[in-house]
Amino acid sequence: MRAIQITEFGGPEVLTVAELPEPAAGPGHLLIDVSRAGVNYADTHQAENSYLSESTLPMVPGGEVVGTTPDGRRVVALVGTGGYAEKAVAPEALAWDVPDAIDDVTALGMIVQGASAWVLLRRSVHLEPGESVVVHAAAGGVGTIAVQLAKAWGAGRVIATASSERKRQLALDLGADVAIDPGVPDLTRALIDANEGRRVDTVLEMTGGTVTDQSLRALAPFGRLAFYGMASRTEPSPVRPATLMSHSTTISGMWLAHVFQLPGNVMRRALDELFALAADGGIRVVAGGEYGLKEVRRAHEDLRARRTTGKLVLDPSR
């Protein structure tokens, strides 16, 4: 089968098309004929071995796929690695049937980005109706869903940040009340001004560096910031617990992998709600671009350069 293989860690240049043996599905696993594979920012960290879980070589990257099983089921699945290929193997417990009304891009947009937005709003910041929400990187995969979910769940004001006018307009089109440039000299003041002079209640943050620092300073008493990525690859400033106490603010971290340790099948609940909202037109996945296997380096280059919006996918058939 054709697949993308990494034999040394690095940037997009290490992604190489290769002919590899088809994987075999052992007990408790499913073999999936991949129709589309998702491309996530985490994949760029996986390629350079800077992700939360360590990578090993040689490796076929890609953590999510949608396709069909030998018995004809159409599923979307988390595979850990091996997604950038014509065939992939997934644990049965991490594969979910896709309703007929849901297309491939929507299915892939929900399994990581959609579920992340759901968990961030429901469990990390515990959004209450009427509260303000700052969604950084609002034109990205998680951000586009988070903006729509926040509005659907009664947020009082949704403040989007994005790096270009085009991306800010997309956030507004998706329901954000206001969209600002995160690169302004005083982001703290810009966020407060965007919230009509009030400090903000919740922040979803995946940039790192000064964006995190300035967002924390914009929080209202009992405000919550959920940190779920570091796209800038720059650490925020250290935070002293006494500082949190003096302002009654909370910082949480979120890695979607930990959802599977929670009782109550949280992932199933999230996907059921997300698929239902998408089928009814309540939210939509923004298609950010489709690449063939031979174009995978460009996909990673586009992601790292912040040229993309919405959900990126690979078509392994080309």
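Just above, that's the structure.
What you are looking at is a predicted structure, and each value in this text was computed from that prediction instead of being measured.

**Some words on helix H5 (residues 187-194)**
- Most of H5 sits inside the fold, with six of its eight residues counted as buried.
- Of the residues making up H5, those classed as buried are Leu187, Thr188, Ala190, Leu191, Ile192 and Ala194.
- Summarising the contacts, the buried residues of H5 are in contact with strand E8 (132-135), strand E9 (157-161), strand E10 (178-180), strand E11 (200-205) and helix H6 (209-217).
- You can read the cap of H5 off the contacts: a side-chain oxygen lies 3.4 Å from the backbone nitrogen of threonine 188, and it is on aspartate 186.

**Notes on the layout of surface pockets**
- Estimates place the volume of the second largest pocket at around 300 Å³.
- Considering the residues around the second largest pocket, the lining is formed by 14 residues, among which Asp213, Leu216, Arg217, Thr243 and His247 are closest to the centre.
- Those elements that provide at least two residues to the lining of the second largest pocket are H6, strand E12 (219-227) and helix H7 (241-247).

**Some thoughts on the nonpolar core**
- In terms of nonpolar packing, the biggest core is built from 90 residues, with Val76, Met110, Leu121, Leu149, Leu204 and Met267 touching the most fellow members.
- Not counting residues within four places of it along the chain, the set of residues in contact with valine 76 comprises Val65, Val66, Leu94, Ala95, Trp96, Val98, Ala107, Leu108, Ile111 and Phe275.
- Counting 16 residues, the second largest nonpolar core, distinct from the first, contains Leu187, Val200, Leu216 and Ala218.

**With respect to the side chain of glutamate 64**
- Within the secondary structure, glutamate 64 is located in strand E4 (residues 64-68).
- One polar contact links glutamate 64 to asparagine 40, side chain to side chain, over a distance of 3.3 Å.
- At a separation of 2.4 Å, a polar atom in the side chain of glutamate 64 contacts the side chain of lysine 311.
- The contacts of glutamate 64, once residues within four sequence positions are left out, are Ala37, Gly38, Val39, Asn40, Ala77, Leu78, Val79, Leu108, Ile111, Val112, Gln113 and Lys311.

**Looking at the packing of aromatic side chains**
- Per the stated rule, a full pass over the model turns up two aromatic pairs.
- Ring geometry for tyrosine 51 versus tryptophan 255: centroids 6.0 Å apart, planes at 85°, classification edge-to-face. Placement of tyrosine 51 in the loop between helix H1 (41-48) and E4 and of tryptophan 255 in the loop between strand E13 (250-253) and helix H8 (266-279) is noted, with a sequence separation of 204 residues between them.
- A residue is classified by how much of its surface remains accessible, and tyrosine 51, at 31% relative accessible area, is partly exposed.
- When its relative accessible area of 27% is taken as the criterion, tryptophan 255 is described as partly exposed.
- On the basis of an interplanar angle of 25° and a centroid distance of 6.3 Å, the ring pair of tryptophan 96 and phenylalanine 260 is categorised as stacked.

What counts as what
- Residues numbered from 1 in each chain as written.
- Predicted model: local features only at pLDDT ≥ 70, side-chain atom pairs only at ≥ 80, totals over all residues.
- Heavy atoms only, no water.
- Buried < 20%, exposed > 50% of the residue type's maximum accessible area, 1.4 Å probe, protein only.
- Helix = DSSP H or I, 4+ residues; strand = E, 2+ residues; numbered from the N terminus.
- Contact = heavy atoms within 4.5 Å.
- Polar contact = N/O pair within 3.5 Å; in protein donor to acceptor, adjacent residues only side chain to side chain.
- 1 Å grid on protein atoms, 1.4 Å probe; cavity = no way out; pocket = protein on both sides within 12 Å on 5 of 7 lines; lining within 4 Å.
- Points joined across faces, edges and corners; volume = space filled by probe spheres on them.
- Core = buried A, V, L, I, M, F, W, Y, C linked by side-chain atoms within 4.5 Å.
- Phe/Tyr/Trp six-rings, centres within 6.5 Å; stacked < 30°, edge-to-face > 60°.

Purely geometric stuff here, so don't read any function into it on its own.
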